[in-house]
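Chain by chain, the residues run as shown.
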Amino acid sequence: MTASDRTPRSPGAGRSAAGSTTEEREGGTSDPVVWTRGHWFGPSGRPLLGWLTSAEGRPSTSGVLILPPVGYSYWSSHWTLRVLAERLAARGHLALRLDYESTGDSAGDQWEPGRFGAWRQSVTTAAAELRARGCSHLTIVGVQLGATFALLDGGELAEAVVAWAPVVTGRRFAREIRARSLEVPGDALPPDLDGAMVLAGTVFAADTLAALSQLDLSRDVTATPARVLLVGEAAPPELIDHLTSLGGSLEQREIAGGETALAWASEDAIVPEAIVKAIADWIGTSGPSSGEAVPTRPEAAFTWHGERLREQVAELTSHQLVGIRSEPEDERAVRAGGQTVVFLNTGSETHTGPGRAWVEYARALAACGYRCLRVDYRGWGESPDEGHAPGRPYDPHCEEDTLAIIRSLRSAGHEQISLVGLCASAWMALRAVLREPVTGVIALNPQMYWRMGDPVEALLQDTRARRTPERERQERWERVGLWTALDHLGHRPWAGRWLDDLAASPTPVTLVFAAGDDGLEFLQTRVRRRLQRVQRAAGVEIVEVPGIDHSMHRAWLRPAIIELLLRTLDRQARARD
Amino acid sequence: MTDEIREVLKAHAHLRANVETLPEEADLFAAGMSSHASIGVMLALEKQFDIEFPDHMLKRGIFESIASIEAAVTEIQRQNGS
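Residues numbered from 1 in each chain as written. Chains lettered and ligands numbered in written order. Predicted model: local features only at pLDDT ≥ 70, side-chain atom pairs only at ≥ 80, totals over all residues. Heavy atoms only, no water.

## Looking at the overall build of chain A
Right, on to step 1. Per the secondary structure count, chain A includes 21 helices and 20 strands.
Right, on to step 2. A compact globule built from 577 residues would reach a C-alpha radius of gyration of about 25 Å, and chain A, at 24 Å, matches this within 12%.
Right, on to step 3. Overall, the C-alpha framework of chain A stretches about 80 × 55 × 45 Å when taken along its three principal axes.
Right, on to step 4. Here chain A, with 577 residues, has 63% of them falling under the buried criterion.
Right, on to step 5. Looking at chain A alone, contacts between residues at least 24 apart form 71% of all its contacts between residues at least 6 apart.
Right, on to step 6. Accessible surface for chain A amounts to roughly 20300 Å². Of this, 50% is attributable to carbon and sulfur atoms.
Right, on to step 7. Of the side chains in chain A, 62 bear a positive and 74 a negative charge, and the two mean positions are spaced by 5 Å. (Helix = DSSP H or I, 4+ residues; strand = E, 2+ residues; numbered from the N terminus. Rg over C-alpha atoms; globule rule 2.2 N^0.38 Å. Buried < 20%, exposed > 50% of the residue type's maximum accessible area, 1.4 Å probe, protein only. Contact = heavy atoms within 4.5 Å. Areas by Shrake-Rupley, 256 points an atom, 1.4 Å probe, with all protein chains shown as cover. Lys, Arg positive; Asp, Glu negative; His and termini not counted. Charge placed at Lys NZ, Arg CZ, Asp CG, Glu CD.)

## Thoughts on the sheet that holds strand S4 (residues 94–98) of chain A
Residue and element names in this part refer to chain A.
Right, on to step 1. Strand order in the open sheet formed by eight strands is S1-S2-S4-S3-S5-S6-S10-S11, and the pairing between neighbours is mixed. Strand pairing shows two members of the sheet lacking a second neighbour, strand S1 (34–41) and strand S11 (249–254), which therefore form its edges. Taken over all neighbouring pairs, the strand axes of this sheet differ in orientation by 20° on average, direction set aside.
Right, on to step 2. Note that S1 and strand S2 (residues 48–55) share eight bridges and pair antiparallel. Directly across from His39, in S2, lies its bridge partner Gly50.
Right, on to step 3. Across the sheet, helix H11 (residues 273–283) touches strand S3 (62–67), strand S5 (137–143), strand S6 (160–164), strand S10 (227–232) and S11, and the angle it forms with S6 is around 170°. (Pairing = 2+ DSSP bridges. Axes fitted to C-alpha atoms, helices over the stretch in contact; angles between N-to-C directions.)

## What to know about helix H1 (residues 2–12) of chain B
Residues and elements named next belong to chain B.
Right, on to step 1. Where H1 is concerned, the buried positions are Thr2, Ile5, Arg6, Val8 and Leu9. Along the long axis of H1, the arc covered by the buried residues comes to 160°, so they all point the same way.
Right, on to step 2. The inward-facing, buried residues of H1 contact helix H2 (35–49) and helix H3 (66–80).
Right, on to step 3. Just downstream of H1 lies His14, where phi reads positive at about 55°. (Arc of directions from axis to C-beta.)

## Concerning the packing of H1 of chain B against H2 of chain B
Residues and elements named next belong to chain B.
Right, on to step 1. Where H1 meets H2, the axes come as close as 9 Å, and the angle between the chain directions of the two elements is 140°. If you check the angle between H1 and H2, you find them oblique. The two elements H1 and H2 meet at a crossing, and its hand is right-handed. Together, Glu4, Ile5, Val8, Leu9 and His12 of H1 and Ala37, Gly40, Val41, Ala44, Leu45, Gln48 and Phe49 of H2 make up the contact between the two elements.
Right, on to step 2. Split by residue class, the contact of H1 with H2 holds eight nonpolar, three polar and one charged. (Parallel < 35°, antiparallel > 145°, perpendicular 65-115°, else oblique. Left-handed = near helix turned anticlockwise from the far one by under 90°. Nonpolar A, V, L, I, M, F, W, Y, C, P; charged D, E, K, R; others polar.)

## Comments concerning unusual backbone geometry
Residues and elements named next belong to chain A.
Right, on to step 1. Pro390 follows Ala389 through a cis peptide bond whose omega is -15°.
Right, on to step 2. Residue position: Pro390 is located in the loop between strand S16 (371–375) and helix H13 (397–411).
Right, on to step 3. Even without being glycine, Gln320 reaches a positive phi, approximately 55°.
Right, on to step 4. Looking at where Gln320 falls in the secondary structure, it is placed in the loop between strand S13 (307–316) and strand S14 (321–328).
Right, on to step 5. Judged by relative accessible area, which is 13%, Gln320 ranks as buried.
Right, on to step 6. Of note in the backbone geometry, Asn445 takes a positive phi value of approximately 50° without being a glycine.
Right, on to step 7. Mapped onto the elements of the fold, Asn445 is located in the loop between strand S18 (440–444) and helix H15 (460–466).

## Overview of the interface of chain B and chain A
Right, on to step 1. Taken together, the 19 residues of chain B in the interface contact 16 residues of chain A.
Right, on to step 2. Of the charged contacts, one joins Glu46 of chain B and Arg175 of chain A as a salt bridge, the two residues approaching to 2.5 Å between their closest N and O atoms.
Right, on to step 3. Where chain B meets chain A, there are ten residue pairs in polar contact (both at pLDDT 80 or more). (Salt bridge = Lys/Arg side-chain N within 4 Å of Asp/Glu carboxyl O. Polar contact = N/O pair within 3.5 Å; in protein donor to acceptor, adjacent residues only side chain to side chain.)

Right under this line is the structure:
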């Protein structure tokens, strides 16, 4: 399970807005294969993780630093930025996709104060990293808040900047965040924060919102690089005038369609091909590169909530699925006989999990001695796509990938394995363990009414609306006892038989539900008697958690979920023993 | 005011439900308004009523129902003396 033998892949192949592949779009020319590797760099105490993409692993004198949005768009735009990096690598550039400090896989906790400055500093660190790798020409491509950073600091750091949908007026951006967010209850705030809002799992502390509110690109940009491209919707005239007054070459490309990567739910997001092409064309082609393969650092150690951890970019299975492994830095702190805990993709989000929850859970469990792995299915995050990109919830290959992950870990010596999934990946885990038993499954908000071939909606509220006639029918017949009577007679729906199979399997199963979640409502309505039976048989346990939401975006409740995970892992291990 | 709020919602909230008949206490997010659409609603309300939501009112809960929006707009108008 190392990052040393990564299979190359062709650039940007997969589903796109045009529904075609890069090769087709670019006239059938054969693209060079590109390689992507996770790479830790920057301060040793606070390492950053970036994904380096290059043509056949070669270095380049032309670097492109790609800065993602902060917040939910990080997940929606992920596949688009990966495609962009692969396209640029195919044209001879060395692309680095950055996770700012305390975002994505990088070190740092999003609850710390001073995040705005830390994010900006990460940009400087990443630019220096590409310079140190021999990139004499540097382009920074930023998206939303990333574009703002690119414009603010690009004059000092780079020869060219591409700003896609920059946040021009911070006050408006901060107001939008506030209006869309949930306020963190005062008693859940860390002592060094005055207040915080949470938007889809991303924490915006009061000091971050205050810093954002002060931003005005039409005033704050003090220098521009030789070339600047503004792409997306039309930029405000004040910004154009200001950037023009600073000199250099400014171009604008008004291209609609960016919302498919920036505003749509990650489960619906598609690559805005025209924008990606415009950016790649504007950056152009770099000269041929030669020399040694781009060296990378797949492993880093850092402190998380007072505990020393080690994280490693990992590859596993014959598909070379990519993930991040977390464990105690000191081997002696690894829990004897403890499970390796595998976190599976949620929605269409990367291995970082919903609102970075998998990163926080994996690090918290590693701090308690568990080995953890957050891993991408084919078509998700950083794994090869093999025609499955971008990954969508309930894609049939996820069950096979889950099995492959279990078997790969087992062959690497991980005898005790527990799976953690949410919604669709909980569903996949509950299917997979019927074929490959493990030490335990913690299924968060599984929707066991869903069957292969059913529609897939990004939002549970849309699924609920679609299922309204079915739900009403189930409730009606439940009230008159029909389902219980049929269960007595041995007539059980698919989900009832599934529960029986789980109870009969050697794998302990814990189903964790947000209070009132549709998945729980279904079980309690349609298969109530079966549910009671399997709970009595002790093979399947139900836990209802008040306050949490389906996607577990309420980041201030994560300590309670971590406690629950620890208790459940311990209980499942004892059941095994 | 409720009619004006319903007009704004009709234009910007992208609800699945019929806005005309939606109960005032109904959860707009459950009725299909996305977090992103709520921004369009906020900006349209500010334009419609010539107000600006102060920071302390900018939270998801304010835009959760017609009733909560009406209460917020009324409060801002009261503070503005209009």
